[in-house]
Every structure is written in structure tokens, then in C-alpha cells.
Amino acid sequence: MMKFVILGFDGPEGEARRKIHRPAHLARLEPLDAQGRVVLAGPLTDKAGSLIVIEADSFEEAQRFAQEDPYVRFGVFERVEVHPFMQVFPKAALPS
């Protein structure tokens with residue numbers, strides 16, 4: 001498994017749409033979280049968007065996961081970026 005950062009940048013109606021689609025967005029993350037594949041996730045407090053770090057088998061899997069998110073499908077995010085990520089800290093969270 002590799003780690004990927006998903007950056008979702010809110011569109012002009014992002015804040016209003018976020019309230020509507022948040023339950024579906026969180027439900028989409030639940031199965032990955034139950035598998036221990038969500039490293040961290042949450043909204044940026046300056047209201048620019050959200051940061052999600054997940055574990056996936058490939059860039060394509062991470063990209064697909066991002067594109068199928070309700071926040072993407074229903075226009076909360078106007079732009080999404082997916083980047084491969086190498087975690088350095090905290091060391092306790094790294095595999096031995």
C-alpha cells in the first residue's frame with residue numbers, strides 16, 4: 001500500500017453544498033477508515049477545502065476514490081488534486 005494526499009478545493013458554493021453532502025462524504029470514507037486506510041482527513045479551517053490522506057494500492061485507485069467522492073460529484077470541490085505521499089513523521093505511525 002502507498003499513501004496519497006487528496007486536496008479538494010471548494011468552489012464558490014462549496015460551503016453551502018458541504019452542509020448538504022457531508023453525510024454522504026463521511027459515509028464514503030467510513031469503509032476505508034474501518035480498514036485502517038484513512039491516515040487523516042478533515043476540512044481546512046480557512047474554508048479553502050479539505051485534506052484527505054489515504055492508503056491505496058495505486059495512484060489510479062486513489063484518483064478514482066477522489067473522483068467518486070460526493071464532494072466532487074455534487075460540486076463542493078471545484079478542483080481536486082491527488083499526490084503520492086511519503087510519510088516521515090510521526091515515526092510511531094510508520095510500519096516497522
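What counts and how
- Residues numbered from 1 in each chain as written.
- Predicted model: local features only at pLDDT ≥ 70, side-chain atom pairs only at ≥ 80, totals over all residues.
- Heavy atoms only, no water.
- Salt bridge = Lys/Arg side-chain N within 4 Å of Asp/Glu carboxyl O.
- Helix = DSSP H or I, 4+ residues; strand = E, 2+ residues; numbered from the N terminus.
- Buried < 20%, exposed > 50% of the residue type's maximum accessible area, 1.4 Å probe, protein only.
- Core = buried A, V, L, I, M, F, W, Y, C linked by side-chain atoms within 4.5 Å.
- Contact = heavy atoms within 4.5 Å.
- Phe/Tyr/Trp six-rings, centres within 6.5 Å; stacked < 30°, edge-to-face > 60°.
- Pairing = 2+ DSSP bridges.
- Axes fitted to C-alpha atoms, helices over the stretch in contact; angles between N-to-C directions.
- Bend = angle between axes of the 7 residues up to and from the residue.

A. Local environment of the pattern of salt bridges. The tally for this structure, following the rule as stated, stands at seven salt bridges. For Lys-47, the salt bridge goes to Glu-15, with nearest N and O atoms at 3.0 Å. Of this pair, Lys-47 sits in the loop between β2 (38-43) and β3 (49-56) while Glu-15 is found in helix α1 (residues 14-34), placing the two residues 32 residues apart along the sequence. Glu-15 sits in the partly exposed class, given a relative accessible area of 43%.

B. Representation of the nonpolar core within the structure. Counting residues in hydrophobic clusters, the biggest one holds 17 residues, and the most contacted among them are Ile-6, Ile-54, Val-80 and Val-82. Those elements giving two or more residues to this core turn out to be β1 (2-10), α1, β3, α2 (59-67), α3 (70-73) and β4 (77-85). Each residue touching Ile-54, except ones within four places of it in the same chain, is listed here: Met-2, Lys-3, Phe-4, Ile-6, Leu-32, Arg-37, Val-39, Ala-62 and Phe-65.

C. The packing of aromatic side chains, seen in detail. With the rule as written, the count across this model stands at two aromatic pairs. Ring centres of Tyr-71 and Phe-77 lie 5.3 Å apart, and the angle between their planes is 85°; on these two criteria the pair is classed as edge-to-face. Neither Tyr-71 nor Phe-77 differs from the other in exposure class; each is buried.

D. Highlighting the sheet that holds β2. Here four strands make up an open sheet; going across it, the order is β2-β3-β1-β4 and the pairing antiparallel. Either end of the sheet is taken by a strand with one partner, and the two such strands are β2 and β4. Strand-to-strand twist in this sheet, taken as the mean axis angle between neighbours without regard to direction, amounts to 15°. Relative to β3, β1 runs antiparallel, the two sharing eight bridges. When the bridges of β3 are listed, Phe-4 appears paired with Ile-54. Strands in contact with α1 are β1, β2, β3 and β4; relative to β3, the strand with the most contacts, it is inclined by about 15°.

E. Representation of α1. Most pronounced at His-21, the bend in α1 amounts to some 60°, and the proline Pro-23 follows within four residues. For α1, every residue scored as buried is listed here: Gly-14, Arg-18, His-21, His-25, Leu-29 and Leu-32. Structurally, α1 contributes buried residues whose contacts are with β1, β2, β3, α2, α3 and β4. Positive backbone phi, approximately 75°, marks Gly-36, located one or two places after α1.

By themselves these figures say nothing about function.
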